[in-house]
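Topology and contacts: notes
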Amino acid sequence: MSTKEKVSEEILLEEETAKQNEIVLFNDEVNTFDHVIHTLIDVCSHTPEQAEQCSLIVHYNGKCTVKSGDYKDLKPQCSGLLKAGLSAEIV
């Protein structure tokens, strides 16, 4: 095994073991589609298309992962969703 192959394998292993957290948005009977869409655009920097798709997935499936990444980056975004009256958590 060459050194290049060994380094590539080590990098792939590190990527697999890195813990990725997710913000999961849950459906509720309170918020409108427009509110959810505008909040996702403002808080999570979604495009209008992404936000609309997420709102539909939440509506029909009950929940949707709206953002992935490090916990420290997701915490303020999840707080912003909660402050806007949406139901979300980091998993």
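Right, let's walk through the structure included here. (Residues numbered from 1 in each chain as written. Predicted model: local features only at pLDDT ≥ 70, side-chain atom pairs only at ≥ 80, totals over all residues. Heavy atoms only, no water.)

Turning next to the sheet that holds strand β2 (residues 63-69). Strand order in this open sheet of three strands is β2-β1-β3, and the pairing throughout is antiparallel. A strand with exactly one partner marks an edge of an open sheet, and here the two such strands are β2 and β3 (87-90). Pairs of neighbouring strands in the sheet enclose a mean axial angle of 20 degrees, with direction left out of account. Note that strand β1 (residues 21-26) and β3 share four bridges and pair antiparallel. Among the inter-strand pairings, valine 24 is bridged to a residue of β3, identified as glutamate 89. Here helix α3 (residues 48-61) sits on the sheet in contact with β1 and β2, set at roughly 135 degrees to β2. (Pairing = 2+ DSSP bridges. Helix = DSSP H or I, 4+ residues; strand = E, 2+ residues; numbered from the N terminus. Axes fitted to C-alpha atoms, helices over the stretch in contact; angles between N-to-C directions. Contact = heavy atoms within 4.5 Å.)

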